Amino acid sequence: MPEAIADSNRISGIGTADVAVIGAGVVGCAVTRRLALLGARVVLLEKAPDILAGASKGNSALLHTGFDAPPGSLECALMQRGHAEFLDIRERLGLPLLETGAMVVAWNEAEEDELDAIEAQARRNGVGDVVRLGRREVLAREPALAPHLRGAVLVPREHVIDPWSTPLAYLTQALANGAQALFGAEVCGGSFDGEAWTLQTARGAVRAARIVNCAGLQGDRIERLLLGDASFEIRPRKGQFVVFDKPAAGLLTTILLPVPTERTKGIVLTRTIYGNLLVGPTAEEQDERDRATIEAETLAALIAKAVEFVPALDGMPVNAAYAGLRPATERKEYRIRHEKDRHWITVGGIRSTGLTAALGLAAHVAELLAGEGWQASPLEDPVWTPVPNLAEHRPRDWQAPNHGEIVCHCEMVTRREIEATFASPLPPGDFGGLRRRTRAAMGRCQGFYCGARLAELTAGRLAEPLAAGDADA
């Protein structure tokens, strides 16, 4: 195993951990952070070589207010808790925020009829700063929109965040405060002896007093494997996205949300923190949990929908397309399973709102553990570990003096940034992890020009070697 990966895989001196967290998506990273800051000995187990290998690697990157969540639901409460904590800690973790606001836009009479209910629901959820806008007011705010729109509800505190640096920051801080992470550690079995769990993993046995199952798309399978039954069924829901090139981002300042349906929040148009314009996701049921394909016909339909709403997008180049899988279940709500006698908590069924709710979910898990009698000893002076900036609207490394070689000219990624990420406490385990930490090979050419150089720089450092020409992996 490459040295950088092995360094993040040391499990030493922990004996029986207080908590083992299964799954290194955004929720698993947030839970690990929270418990580490509360003084717990935590070990995070992830079957992939890096964080964000499952559902968390593909989402819309929005920080939600919970304005449209079911009133009185746990999801609504935890989203709002997560929203507040993110704003409180983001500067200390170096996390960017694009203060865009969002508009739920009605494009026909039927959708316009729904706006009153959307506004009322927002107010019931405590989002009292929503504003009803007429057609002229919407066009004054966003002049590039198609003029046939009917009106909108403005939600000022919906924002855009960095979907990849955020969980990286959570886990990096957890590691700096005593947590450990074990990658390539798929959980293969385990048993509970009345006091603690012994988990069999692909990297050996791990003993922990308590388990928090944050396995996302595999959450029901982990329950069935270790508890003998599953309290829910994962029904993967694919979402395809299209990423327009950077000039398109200048056409829009506000997140555009559709009037939602019972099944989905619908197609979103939003700027990204990296300076592009994102359109998606679709909502497609499928059985497969490990693979999300993109289809040309669907992508063409997304582009057509975007052009319908923002006509100036017609002919704009598209940088990339990708698909992600949401861990939907047979029911809409979050699936929390707490078994005190077996020292077990499942955090399951966390769909598109998980990026926002992760910190709230982590706080909720800590409260459930406290209810079992677990005594937290919060760190008096926790270490804060800001992550490098990838946001387009904040200073980047290539703009700094003596930045040296620029490896990726599309996204202006320096060799210094690449070397720094491999020297970090949580280096990338695979090429996807490198891309998400640096933006390398994520621009117009998708690694066509920098792939060979990246293969040289990453030789011996990734779980799977990067060969020249593989940059779009």
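Please read all numbers here as calculations on a predicted model, not as lab measurements.

*Asks:* Explanation requested: the UniProt feature "domain: BFD-like [2Fe-2S]-binding" (unreviewed entry) in the chain in the structure shown.
*Replies:* Under the UniProt annotation, the feature "domain: BFD-like [2Fe-2S]-binding" (unreviewed entry) is placed at residues 406-457. Taken end to end, residues 406-457 has its terminal C-alpha atoms 12 Å apart, with 44% of it in helix and 10% in strand.

*Asks:* How do you make sense of the pattern of salt bridges when you look at a structure like this?
*Replies:* Should the charged atoms of two oppositely charged side chains come close, the side chains can pair. Applying the stated rule across the entire model yields 37 salt bridges. A salt bridge links Arg 453 to Glu 456; the shortest N-O distance between them is 2.7 Å. Residue Arg 453 and its partner Glu 456 are located together in helix H12 (residues 451-458), separated by three residues, close to a single helical turn. Arg 453 sits in the partly exposed class, given a relative accessible area of 24%.

*Asks:* Explain the pairing of strand S10 (residues 187-192) here, please?
*Replies:* Taken residue by residue, a regular strand's side chains alternate between the two faces of the sheet. As paired elements, S10 and strand S11 (residues 197-201) share five bridges and run antiparallel to each other. Across the sheet, the residue bridging to Ser 191 is Thr 198, located in S11.

*Asks:* Is there a simple way to explain the sheet that holds strand S3 (residues 62-63) in this structure?
*Replies:* Strand pairing in a sheet relies on backbone hydrogen bonds, with the paired strands running either antiparallel or parallel. Sheet architecture is open: three strands sit in the order S3-S8-S4, paired in antiparallel fashion. Two strands bound the open sheet, and with one partner strand each, they are S3 and strand S4 (97-98). Bridging between S4 and strand S8 (residues 159-161) involves two bridges; their strand directions are antiparallel. From the neighbouring strand, Leu 98 faces S8, where its bridge partner is Val 160.

*Asks:* Looking at this structure, I do not really get the packing of helix H3 (residues 74-89) against helix H9 (residues 354-371). What am I missing?
*Replies:* The packing of two helices is summarised by the inter-axis angle and the distance between the axes. Interaxial distance between H3 and H9 falls to 6 Å at its minimum, and their mutual angle equals 105°. When the interaxial angle is binned, H3 and H9 end up roughly perpendicular. Facing H3, whose interface residues are Leu 74, Leu 78, Met 79, Arg 81, Gly 82, His 83, Glu 85, Phe 86 and Ile 89, H9 presents Thr 356, Ala 357, Leu 359, Gly 360, Leu 361, Ala 363, His 364 and Glu 367. Here the contact of H3 with H9 is built from residues that sort into nine nonpolar, five polar and three charged.

Rules used throughout
Residues numbered from 1 in each chain as written. Predicted model: local features only at pLDDT ≥ 70, side-chain atom pairs only at ≥ 80, totals over all residues. Heavy atoms only, no water. UniProt positions renumbered as here; feature names shortened; annotations may be inferred. Helix = DSSP H or I, 4+ residues; strand = E, 2+ residues; numbered from the N terminus. Salt bridge = Lys/Arg side-chain N within 4 Å of Asp/Glu carboxyl O. Buried < 20%, exposed > 50% of the residue type's maximum accessible area, 1.4 Å probe, protein only. Pairing = 2+ DSSP bridges. Axes fitted to C-alpha atoms, helices over the stretch in contact; angles between N-to-C directions. Parallel < 35°, antiparallel > 145°, perpendicular 65-115°, else oblique. Contact = heavy atoms within 4.5 Å. Nonpolar A, V, L, I, M, F, W, Y, C, P; charged D, E, K, R; others polar.

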